[in-house]
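Residues per chain, in single letters:
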Amino acid sequence: MSSDPLLSVRGLKKHYPITEGVLKKEVGRVKAVDGISFDVESGETLGLVGESGCGKSTAATSLLRLEDPTDGDIVFDGEDITEFDDTRLKSFRRRAQMMFQDPSSSFDPRMSVGESVAEPLEIHGMRDRSRRRRIVENLLERVGLSASDFDRYPHEFSGGQKQRIALARALVLNPDIIVADEPVSALDVSIQAEIISLMRDLQDEFDLAIVFISHDLGVVREVCDRVAVMYLGEIVEVADTETLFTDPQHPYTRALLSSIPTPDPTRRNEQIELTGDVPSPSNPPSGCRFHTRCPEVIPPAEFDLDQDEWRHVLDLRLRVDSGLDVEDVRSFLVAEGVANDTEAVPDDAVKRELRREFDIPETLSDAAAETVLSEGLDALVSGDHDHARRTLDEAFSTVCERDAPALETSERGSTAACHLVDESVTVESPVSDD
Amino acid sequence: MTDPLLSIRDLHVQFNTDEGTVRAVDGVSFDVARGETVCVVGESGSGKTVACESITKLIPMPPGEIAGGEILFDGEDLTETSEKRLEDIRGGRIAHVFQNPQSALNPVYPVGAQIVEAIRLHRDVSKEAARDRAIDLLDRVGIPEATARIDDYPHEFSGGMKQRVVIAMALAADPDLLIADEPTTALDVTIQAQILRLLRDLQDEFGMSIVFVTHDLGVVAEIADRVVVMYSGKVMETGPVYDVFEQPSHPYTKALLGCLPGQGKSMEPIGGTLPDPKNPPAGCRFHPRCPHATADCRTGDHPEPLDVGTDHEAACVYYGPGYDASVIQSDAVSESTATDGGSEGGTPADASESGGDDR
């Protein structure tokens, strides 16, 4: 890598305030992007992937200052664009363009496509109408349409063709970088493949850097040189595309990759199951943000639990922390016909149900852990929620919850933010991959 | 296969619009056996959704019209059935799950009330018993603490959880057939994996048949027992999932598999555009984009389905007399993508574009 990347993002943050009342008092913040750093070399394609709500689109709009970032530096070609005034921002935007997901809503239906594509030229001061037309006609041909399409209107084109036009518009100012937010997600697979190969060809021709945002890892593998995986506003792993896909370091990356359905029926049931949903970005989990769902979350050294067991025990503990109501379990058992009213539900049945709900075996494989768990469950069932909580919290804690891991570079060249990669944290029991 | 649960025979569904008749489904036949999962796969405009919504006449009529064919469900022809009887079947013996769980749930009622309504519509039970069953269903579809969540409103659930609620509602009357139309398309991959696993588990538990409509071949490989590949209102290929993926026989199926991104091999765009539904090409619907198209493909009717293996059919002339099917089976699509691709249906530029790229 050269020492001077085209775009260098350091500690980028974008928070949205949650306000309440007429005075718009700030009561919280949605931390959509919470301190991400990455570089983009010229001519390179960097993928930004993650599930919905992970902040990838916010990162894109903040990157071009379509929205002002809350904090952080965005250095483009040696200059920090977060400090630009309007005039300099305008000239920056000549060199950085954006492409959106929905090709239908990104064109003015009353303007011919030629006018739409030529508009950036006009805005940036090209007064000569016939020259604009020449440039645009030429460009339309380069994206696989014909010059005569200049005077046609957006509704006359299919989705794939509209996305070609969007590409022409992004290229018309001859930019150095394009930020493309899900550019092929709205297209059918057979059309998707064409747009992808067109983008690759044009990238070579124009020596473009592309920040390619997508939730579709198949497309990302096809398009990108390097990939950054985001989870809840943070980058958890960055690596060269092939390294990332063949040797993912972060458990989240592994789970995400294994969740992609492969078109091979002989390889069913090979996914790593992630339980639960993505937590809210307004109140992200402490430590490693993925610890609430991580299948490889590090167990406490004093217990000898297998990984699944430990995951389920931790699930129960986290649920108790956030206020598990035993009465609900009782009324569930009433609905299931175990007893006639909640008073009559035996405590043992409640405890059994809790173990069933969280997939915890009748007795844990580690006797000491079982003692703590039983004590916690007893307290919970007898109504002493605080005691249950204290007992479980004390015994079942993990480094993943306490400390946020830093992005560490492994010897294989990929960078992951995970305590499992970080050698300074000793992991007692070997963690299985499957 | 003896006595399929659902048997669609030569179904024609058309929409009569001011700009002409759109034959969305144009002679489609397939069977669904009991306890089986059949995936109907195709791109947009292939007619997959219309075919499946016609089963219980969910398509708006007019402008929609079932112009011909039979839909035999457990021996009864649903195209002839009275609306009153269909109301019992919908949500009763045949349940639907749609793509967007948000719009399938009423935002102003708690989810429990909506499930209870579905149960009591088809079963003569008391409110209390229905509520207990609703709790049980929510628990079975994997909603934690079902008793606490039953009185929550739809907006209090995440997208994946909402889809679980919709599935619970579909299961309310123990359906024999579940029609799931892109049920995971609006969800993230990790949540999609959860829902697919859930559907498989529920099928084992309840023994229902599933018709699963999707555009995603990855999902098909994950869940299907048998596959129906549709294109432009026609069935191109049907067969057991292992056979279709191991030996895709119709050039369209091959091309569709070839253009999937991220498989670690080079991606081959199909070229051309999807056909105009108002004015589909004569002959084989795929011929303008097909690398193997011959003169026979360009005229007459769409080819008849021909046997290519056990219970495996493809509607392609190459499997008929006078043709050498090995041309399709052996060749790598790459050599000839541009020979005919796009020259009729799409812009000529499309073909040169896709043909020129060999990386």
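Described in the following lines is the structure provided in the data block. For clarity, every value in this text was computed on a predicted model and none was experimentally measured.

Here the focus is the overall build of chain A. When helices and strands are counted, chain A shows 15 helices and twelve strands. Projected onto the principal axes, the alpha-carbon positions of chain A cover approximately 85 × 55 × 50 Å. Of all 434 residues assigned to chain A, the portion counted as buried reaches 56%. For chain A, the proportion of contacts with a sequence separation of at least 24, taken over those separated by at least 6, is 64%. For chain A, the centre of its 46 positive side-chain charges and the centre of its 87 negative side-chain charges are spaced 9 Å apart.

Now for the nonpolar core. Core analysis: the largest hydrophobic core is formed by 171 residues, its most contacted members being Phe396(A), Ile167(B), Phe212(B), Val227(B) and Phe286(B). If you tally residues by element for this core, the top one is helix H6 (residues 189-206) of chain A, at nine residues. Not counting the four nearest positions on each side in its chain, Ile167(B) is found in contact with Val97(B), Val141(B), Ile195(B), Leu198(B), Leu199(B) and Leu202(B). Residues Val25(B), Ile94(B), Leu177(B) and Val211(B) belong to the second largest nonpolar core, which totals 33 residues.

So, about the pattern of salt bridges. Residues and elements named next belong to chain A. Tallied over the entire structure, the rule returns 51 salt bridges over all chains. The salt bridge partner of arginine 293 is glutamate 51, with a shortest N-O separation of 3.4 Å. On the criterion of sequence distance, the pair formed by arginine 293 in the loop between helix H9 (251-259) and helix H10 (307-321) and glutamate 51 in the loop between strand E3 (45-49) and helix H1 (56-63) is long-range, its members being 242 residues apart. Across the pair, exposure class does not vary: arginine 293 and glutamate 51 are buried alike.

Together, Asp304(A), Asp306(A), Asp308(A) and Asp359(A) give the surface a local cluster of negative charge. Residue placement: Asp359(A) occurs in the loop between helix H12 (347-357) and helix H13 (367-381).

Residues and elements named next belong to chain A. The interhelical angle for the contact between H12 and H13, taken along N-to-C directions, is 120°, at an axis separation of 10 Å. On the basis of their axis angle, the class for H12 and H13 is oblique. The element H12 and its partner H13 pack so that their crossing is right-handed. Side by side, H12 and H13 meet where Asp347, Val350, Lys351, Leu354 and Arg355 of the first sit next to Glu370, Leu373, Ser374, Leu377, Asp378, Leu380 and Val381 of the second. Of the residues assigned to the contact of H12 with H13, the class counts are six nonpolar, one polar and five charged.

Next up on the list: the packing of aromatic side chains. All names here are of chain A. With the rule as written, the count across this model stands at ten aromatic pairs over all chains. Pairing phenylalanine 76 with phenylalanine 92 gives two aromatic rings, centres 5.0 Å apart and planes at 75°, and the pair type is edge-to-face. Highlighted residues: phenylalanine 76 in strand E4 (residues 71-76) and phenylalanine 92 in helix H2 (residues 86-95), separated in sequence by 16 residues. Accessibility classification places phenylalanine 76 together with phenylalanine 92 in one group, the buried group. One aromatic cluster in this structure is built from Phe76, Phe84 and Phe92. In this structure, arginine 152 is placed above the aromatic ring of phenylalanine 157, and the distance from its NZ or CZ to the ring centre is 4.6 Å.

With that settled, consider the environment of Val172(A). Residue and element names in this part refer to chain A. Tracing the backbone shows valine 172 in the loop between helix H5 (159-171) and strand E7 (177-181). Separated by 34 residues in the primary sequence, valine 172 and asparagine 138 have C-alpha atoms spaced 10.0 Å apart. Aside from chain neighbours lying at most four places away, what touches valine 172 is Val117, Pro120, Leu121, Ile135, Val136 and Leu139.

Calculation rules
- Here the residue numbering is sequential within each chain, running from 1 through the sequence in written order.
- Each chain gets a letter, beginning with A, and each ligand a number, beginning with 1, in the order they are written.
- For a predicted model such as this one, the threshold for reporting local features is a pLDDT of at least 70, and the threshold for listing and counting side-chain atom pairs is 80 or more; totals across whole chains, interfaces and linings nevertheless cover every residue.
- Think of the side-chain values as coming from all heavy atoms in the structure, minus any hydrogens and water.
- Numbered from the N terminus, helices here are DSSP runs of H or I no shorter than four residues, and strands are runs of E no shorter than two.
- Remark: exposure states derive from per-residue accessible area (1.4 Å probe, protein chains only) relative to the maximum for the residue type, with buried under 20%, exposed over 50%, and partly exposed in between.
- Residues are treated as being in contact if the distance between any of their heavy atoms lies within 4.5 Å.
- Counting rule for charge: Lys and Arg are taken as positive, Asp and Glu as negative, and neither His nor the chain ends is counted.
- The atom standing in for a charge is NZ when the residue is Lys, CZ when it is Arg, CG when it is Asp and CD when it is Glu.
- Here, the term nonpolar core denotes a set of buried Ala, Val, Leu, Ile, Met, Phe, Trp, Tyr and Cys residues that are joined through side-chain atoms within 4.5 Å.
- Just to be clear on terms, a salt bridge is a Lys or Arg side-chain nitrogen sitting within 4 Å of an Asp or Glu carboxyl oxygen.
- Residues forming no salt bridge and having over 30% relative accessible area are the ones grouped into patches, like charges within 9 Å of each other and nonpolar side chains (Val, Leu, Ile, Met, Phe, Trp, Tyr) within 5 Å.
- Per-residue and other accessible areas follow the Shrake-Rupley method at a 1.4 Å probe size, with only the shown protein chains counted as cover for residues.
- Axes, fitted as lines to C-alpha atoms, cover a helix only where it is in contact. Angles between the N-to-C directions of the axes lie from 0 to 180 degrees.
- Throughout, the term roughly parallel applies to angles under 35 degrees, roughly antiparallel to angles over 145, roughly perpendicular to angles from 65 to 115, and oblique to all others.
- Should the near helix be turned anticlockwise from the far one by less than a right angle, the crossing is termed left-handed; should it be turned clockwise, right-handed.
- Just so you know the grouping, Ala, Val, Leu, Ile, Met, Phe, Trp, Tyr, Cys and Pro go in nonpolar, Asp, Glu, Lys and Arg go in charged, and all remaining residues, Gly too, go in polar.
- Any two of the Phe, Tyr and Trp rings considered here, Trp counted by its six-membered ring, make a pair once their centres fall within 6.5 Å; the pair's planes then place it as stacked at under 30 degrees, edge-to-face at over 60, or tilted in between.
- Two conditions define a charge located above a ring, namely a distance within 6 Å from the ring centre to NZ of Lys or CZ of Arg, and an angle within 35 degrees of the ring normal.

Coordinates in, geometry out; function isn't part of it.
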